[in-house]
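Chain and residue survey
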2 protein chains.
Amino acid sequence: MGDVRSVAGRDLGERDEGPELLPPPPALLAAPGYVARRLHHAYTAVWVRHVDPLLTGPQFAVLTAVDAYPGVEQGSLARAVALDRSTMGSIVRRLEDRGFITRVRPPEDGRKRLLHLTEAGGEMLRVADRRARELDRLLMRDIDAETQDILLTRLNGIAEHWESLVED
Amino acid sequence: MGDVRSVAGRDLGERDEGPELLPPPPALLAAPGYVARRLHHAYTAVWVRHVDPLLTGPQFAVLTAVDAYPGVEQGSLARAVALDRSTMGSIVRRLEDRGFITRVRPPEDGRKRLLHLTEAGGEMLRVADRRARELDRLLMRDIDAETQDILLTRLNGIAEHWESLVED
């Protein structure tokens, strides 16, 4: 397959300016798992610049889900926000430490934790949501709204299929 | 928005069988970043069952890229495999420890590390690649080949756009 240094055809002086950027090899571009990771990696990098000083993406997802399901049992939520249960647990504790959610033990079952947003949590969610939506408009600016809907629906359907294979 | 316990309408006995599965809230289903993370999370969970005893997804991506670019400089590869440079570095060291790649310092620049697959690395890549392709056939079985191509090309294009926003 040849040596990439000669393919690139640059001399050492130029290469010292920084590493050259190689395109992903075709075998990866055709691999759904790589493409999923690539999208996630790129989104996370953009999120860090635009929204992350407030909240990480997974923290944002948990606040969004607690807002949608007030009083939800913590153990019911991991799947809905695409986190494993231990990661979910540490995110919930961090959000509680920051005063954004409360975890209440119901008297009838002390093992459970029911989650609610605090007033500060609701306010943080509104601010972060506004920034996240601005970011999404930037990220999806080349795709019209209807095509976006179709694409996201299709991708959620694929994710559901993948998730179902793990439960078997 | 109501209390999810009453919405679910189950009694405590039933709920003790395990946490109920809530669907992702609509606000998340419409968020590209959530969908990207959801796909990545689901793919990783399936990969762990099918391929991971051999290699993790990122290790597989690095072997694939070193196979495509023999002699590549380590610092040039992170972007192509969608990893940050420090993660890339630790994966490369692990692959070297397992005897799958070699890192060679070129005499003209001792700071660089040029990567090559070993024979064992090439063999591991072939075995993992076969399993990964079987897995992808299972994951994409409901989508015909042409539609898959169109979808993956579109998603790689979106990822490229997102990556370009971080470089600005």
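Everything quoted here is computed from the prediction, not taken from an experiment.

Once that is clear, we can look at the interface of chain A and chain B. A common way to express how large an interface is: the accessible area buried when the components associate. On the chain B side, the residues contacting the 84 residues of chain A number 84 residues. Taking both partners together, chain A and chain B bury about 7,900 Å²; carbon and sulfur atoms supply 66% of that area. Applying the counting criterion to the chain A and chain B interface returns two salt bridges. For B:Glu163, the salt bridge goes to A:Arg38, with nearest N and O atoms at 2.8 Å. Summed over the shared surface of chain A and chain B, the number is 22 residue pairs in polar contact (both at pLDDT 80 or more).

The next thing to look at is unusual backbone geometry. All names here are of chain A. If you check the backbone angles, Ala82 has positive phi at about 60 degrees while not being a glycine. Along the polypeptide, Ala82 turns up in the loop between α6 (74-77) and α7 (85-97). Looking at Ala82, the relative accessible area reads 4%, which means it is buried.

What follows is about the packing of aromatic side chains. For the structure on display, the rule yields six aromatic pairs over all chains. Relative to B:Trp162, the ring of A:Tyr43 lies with its centre 5.4 Å away and its plane at 70 degrees, an arrangement referred to as edge-to-face. Placement of the pair is A:Tyr43 in helix α4 (residues 32-50) and B:Trp162 in helix α9 (residues 145-167), with the two residues belonging to separate chains. Side by side, A:Tyr43 and B:Trp162 carry an identical accessibility label, which is buried. An aromatic cluster is present here, built from A:Tyr43, A:Trp47, A:Phe60 and B:Trp162 joined pairwise through their rings.

So, about the relation of the copies chain A and chain B. When chain A is brought onto chain B, the operation consists of a screw motion whose angular component is 180 degrees and whose axial shift is 0.0 Å, with 0.0 Å RMSD remaining. Those values place the two copies in the arrangement expected of a two-fold rotation axis. Considering only C-alpha atoms, the part of chain A nearest the rotation axis is A:Ala36, at 3.1 Å. Here 100% of the contact residues of chain A are again contact residues in chain B; the copies associate through an equivalent surface.

Adjacent strands of a sheet form backbone hydrogen bonds with each other and so pair up, either parallel or antiparallel. Residues and elements named next belong to chain A. Spatial strand order, β1-β3-β2: three strands in an open sheet with antiparallel pairing. If you trace the sheet from one side to the other, it starts and ends with β1 (72-73) and β2 (101-104), each paired once. Contacting β2 and β3 (114-117), helix α5 (residues 57-68) crosses the sheet at an angle of about 100 degrees to β3.

Before going further, it helps to examine the pairing of strand β3 (residues 114-117) of chain B. Residue and element names in this part refer to chain B. Here strand β1 (residues 72-73) runs beside β3; their pairing, made up of two bridges, is antiparallel. Directly across from Val72, in β3, lies its bridge partner Leu115. In this sheet, β3 lies alongside strand β2 (residues 101-104) in antiparallel orientation, the contact comprising four bridges. When the bridges of β3 are listed, Val104 appears paired with Leu114.

Moving on, we come to the confidence of the model for chain A. All names here are of chain A. Per-residue confidence for chain A gives a mean pLDDT of 88, with 88% of residues at or over 70. Below pLDDT 50 for its whole length, residues 1-16 participates in 24 contacts with residues either more than four positions away or in separate chains. Both scores are available for the predicted complex, with the pTM at 0.86 and the ipTM at 0.86.

To continue, consider empty space enclosed by the protein. Under the defined criterion, the tally for this structure stands at three cavities of 30 Å³ or more. Counted as a void, the largest cavity has a volume near 80 Å³. Considering the residues around the largest cavity, the lining is formed by A:Pro32, A:Val35, A:Ala36, A:Leu39, A:Leu155, A:Ile158, A:Trp162, B:Leu39, B:Met140, B:Leu151, B:Leu152 and B:Leu155. Broken down by secondary-structure element, the contributors of at least two residues to the lining of the largest cavity are α4 and α9 (145-167) of chain A together with α9 of chain B.

Looking now at helix α7 (residues 85-97) of chain B. All names here are of chain B. The end-to-end C-alpha distance of α7, which contains 13 residues, comes to 18 Å, matching closely the 18 Å that a straight helix rising 1.5 Å per residue would cover. Buried within α7 we find Met88, Gly89, Ile91, Val92 and Leu95. Those residues of α7 hidden inside the fold are in contact with α5 (57-68), α6 (74-77), β2 and β3. Immediately beyond the C-terminal end of α7, within one or two residues, lies Gly99, with a positive phi of roughly 80 degrees.

Interaxial distance between α9(A) and helix α4 (residues 32-50) of chain B falls to 9 Å at its minimum, and their mutual angle equals 25 degrees. When the axis of α9(A) is compared with that of α4(B), the two are roughly parallel. Handedness of the crossing formed by α9(A) with α4(B): left-handed. Judged by residue contacts, A:Leu152, A:Leu155, A:Asn156, A:Ile158, A:Ala159, A:Glu160, A:Trp162, A:Glu163, A:Leu165 and A:Val166 of α9(A) engage B:Pro32, B:Tyr34, B:Val35, B:Arg38, B:Leu39, B:Ala42, B:Tyr43, B:Ala45, B:Val46 and B:Arg49 from α4(B).

Rules used throughout
Residues numbered from 1 in each chain as written. Chains lettered and ligands numbered in written order. Predicted model: local features only at pLDDT ≥ 70, side-chain atom pairs only at ≥ 80, totals over all residues. Heavy atoms only, no water. Contact = heavy atoms within 4.5 Å. Buried area = accessible area lost by both parts, 1.4 Å probe. Salt bridge = Lys/Arg side-chain N within 4 Å of Asp/Glu carboxyl O. Polar contact = N/O pair within 3.5 Å; in protein donor to acceptor, adjacent residues only side chain to side chain. Helix = DSSP H or I, 4+ residues; strand = E, 2+ residues; numbered from the N terminus. Buried < 20%, exposed > 50% of the residue type's maximum accessible area, 1.4 Å probe, protein only. Phe/Tyr/Trp six-rings, centres within 6.5 Å; stacked < 30°, edge-to-face > 60°. Least-squares fit on C-alpha atoms with pLDDT ≥ 70 in both. Pairing = 2+ DSSP bridges. Axes fitted to C-alpha atoms, helices over the stretch in contact; angles between N-to-C directions. pLDDT = per-residue confidence, 0-100. 1 Å grid on protein atoms, 1.4 Å probe; cavity = no way out; pocket = protein on both sides within 12 Å on 5 of 7 lines; lining within 4 Å. Points joined across faces, edges and corners; volume = space filled by probe spheres on them. Expected span 1.5 Å × (residues − 1). Parallel < 35°, antiparallel > 145°, perpendicular 65-115°, else oblique. Left-handed = near helix turned anticlockwise from the far one by under 90°.

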